[in-house]
Every structure is written in structure tokens, then in C-alpha cells.
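A look at the structure
These are the residues of each chain, in order.
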Amino acid sequence: MKKTGTVSEVFPKMANVILDEDENQKVLCPYRRGQIVDRDAEWRERSPVAPGDRVQIHAYGSKDGVIEELLPRTNSIVRRAPGREGKIMHTIAANVDFVVITTSLHDPDFSPGLVDRFLIATTVAQIRPILVINKMDLRAGEEAPWKLYEDLGYRCVPVSTQTGEGVDTLRDMLKGKTSVFCGHSGVGKTSLLSALFGEVVGRVGEISKATGKGKHTTTVSKLIPVGGGTRFIDTPGIKEFGLIGVDAKDLIQYFPELFELQEKREAYSHLPRFESYTRIRAALEDEGR
Ligand SMILES: Nc1nc2c(ncn2[C@@H]2O[C@H](COP(=O)(O)OP(=O)(O)OP(=O)(O)O)[C@@H](O)[C@H]2O)c(=O)[nH]1
Ligand SMILES: [Mg+2]
């Protein structure tokens, strides 16, 4: 029987699909790359389906079926597949309303480098970003490294899964929407999703005492329907974010505050994100773009 649904988890050659007719029903479906991918695409997909993808399946029973067709995506957030040569991309998620760029104030320290790359990628993908700063309970004094992004007009939500600060505000913002939570390992994505949902959604890891980083506890992305049409996608911590669809010569347009001064022929090297801009530009130039 033909049915439609949404991909919730992707494994090698198989994916879990949540059925439209009943979001509590998951069907494990094999897929064949040749049947799904666009062979003429410039970039080859590391995996042909991603969490959030809409698919048509042929269901055999209540628990198994096969993916027959990938339905058109409204959007997708993509990066270069890490550790792979050539034009291979990793689709982090498809058909989402929000990309929740998740950071922590400390343990690990707030890292603007990844934030800037995600902001560029969401602009390219035309998906609304929300910047979440977790672990506010570790705040020392008035430090507010996200302020810069607030001033640029991005939506910022300081939260703490320990004290509950900001959790209700964030839950309200995401109501009825599909949101993918992305960021470095250990910032507290899984902890935050459990706090938002009110149920444990996955395993939570420790922070390495030696490196101050997370230990890559979540290994497979997972779309979680939490009722009322709200869906969260938990993802594994990211180390690198290689941009796709951006050239070095156009990069400055993704830094509106730098671009504005450049247009006016004024100096902009004193602005906070200048260093981040030059670093990303150098990386694109190294790739010959
Ligand atoms: N102090 C403090 N620690 C937190 C907070 N939220 C989460 N943690 C801790 O941060 C550590 C990492 O949490 P996870 O939820 O596993 O982080 P993650 O982002 O899902 O990590 P990966 O799955 O590896 O990408 C755990 O030890 C949590 O207890 C918080 O608000 N404050
Ligand atoms: Mg996790």
C-alpha cells in the first residue's frame, strides 16, 4: 500500500519513516540510491535522504516498507561532507521552519566561528535561524557574547536546562514548527530537547575534562514529533562546517554590517566579525572558490 511520511532517522541504506496517517507509527524502510537521487546534480549527496524529507513509501506491513520516491524539498540545510574529497554534500535536514544554532556560554566556550557559518548557510537556504545560548547558569557577571548577534537583528534566546531559564520562551517560539538543532558537541542539544519536550529524547554526554569539548554522544540525527505539529530534530555535534553555494568574492554580502561600510568605502576591519569574515574567505579561496 502506498503511503506518505517524513524521514525521522537515516541509517546506511535504510531510514525510519513517520507516517502522515499516524505520527506515532514508524516504518523502517530500505531505499535504493539509484531510485532516489538526481544523477545530474552538481553535488553528490552523502546520503540520499535526510531527516525531515518527505517520502512516498510502499508499506508491506505496519512496521516495514520501502522508500519509492523522495518528494520535492521546500528547503534544506547543507554542508560539505566532512573528510570527503570532491563535491559531496551532507544534507543536515530538509523541510524545516527553523535552524536552531545551539551554543553554550561555557563548557564548551561560546564559539562565534560556527555561528557565522551557520548564519551564512541559513541565509543561502532561506531558513530562519534562532541563536540559542545554553548553560546560562555558568554565566560570570554580565558577559554576553551573543549581544553582537542581537544587535545585528538575529533572534537570540539565552537558556539553561539546569535552571529552566528561557526554556518556555523557546518552546513557544517553536510551537507547531519543525526545528533542527545544530551545534558543537557538548553544548547541550539533547539536554535542551529533553527539557523542551519534558521527556528524555536521547543520551546526554559528559564534557571532556582534558579538552573542554563534548564527546559526540548523539551519533544519528533524529526527528522527534512532540505533538501539536511541533517537531524537533536532534543532530550529532559538528566539528567543521564547509559552506556550499558561496563564493569568496560574494562572501561579504553575508556580513551585512561589513558590506554596508564597504559600499560606503569606509574602513571595516575594526568590526567584531571582520576576523571571522577573513578566515571564512581564506577557507573558500583555498578551495578555489
Ligand atoms: N551547566 C550546564 N550544563 C548543561 C546544561 N545543559 C546541558 N548540560 C550538560 O552538558 C553536557 C552535554 O550535554 P548533551 O545534551 O549531551 O550535549 P549535545 O549538544 O547533545 O552533545 P552531542 O550529542 O555530543 O552533540 C552534559 O553533561 C549536560 O549535563 C546547562 O544548561 N548547564
Ligand atoms: Mg546530543
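Above this note sits the structure.
Everything in this summary refers to the structure shown in the same document. Everything numeric here is computed off the predicted structure, so don't read it as measured data.

1. Concerning the sheet that holds strand E12 (residues 178-182)
The six strands are arranged E11-E10-E9-E12-E14-E13 in an open sheet whose pairing can be described as mixed. With one partner strand each, in any of the chains shown, strand E11 (155-158) and strand E13 (222-227) form the two edges of the open sheet. Strand-to-strand, the axes of this sheet are offset by a mean angle of 25°, without reference to chain direction. Here strand E9 (residues 98-104) pairs with E12 via four bridges, running parallel. Within E12, the residue paired with Val 100 across the bridge is Phe 181.

2. Focus: the site of ligand 1
Close contacts around ligand 1 come from 24 residues, with Gly 188, Thr 190, Ser 191, Thr 218 and Gly 237 the closest. For the shell around ligand 1, the per-class residue count stands at five nonpolar, 15 polar and four charged.

3. Quick word on unusual backbone geometry
Across the junction of Asp 107 and Pro 108, the peptide omega takes the value -5°, indicating a cis bond. Positionally, Pro 108 belongs in the loop between E9 and helix H2 (112-125). The phi angle at Gln 126 is positive, at roughly 55°, despite the residue not being glycine. Relative to the helices and strands, Gln 126 resides in the loop between H2 and strand E10 (128-134). For His 216, which is not a glycine, the phi torsion comes out positive at approximately 50°. Turning to its location among the elements, His 216 is positioned in the loop between helix H5 (189-197) and E13. Among the residues examined, His 216 registers 14 C-beta atoms within 10 Å and is labelled partly exposed.

Rules and cut-offs
Residues numbered from 1 in each chain as written. Chains lettered and ligands numbered in written order. Predicted model: local features only at pLDDT ≥ 70, side-chain atom pairs only at ≥ 80, totals over all residues. Pairing = 2+ DSSP bridges. Helix = DSSP H or I, 4+ residues; strand = E, 2+ residues; numbered from the N terminus. Axes fitted to C-alpha atoms, helices over the stretch in contact; angles between N-to-C directions. Near = placed C-beta within 6 Å. Nonpolar A, V, L, I, M, F, W, Y, C, P; charged D, E, K, R; others polar. Buried ≥ 20, exposed ≤ 12 C-beta atoms within 10 Å, placed from the backbone.

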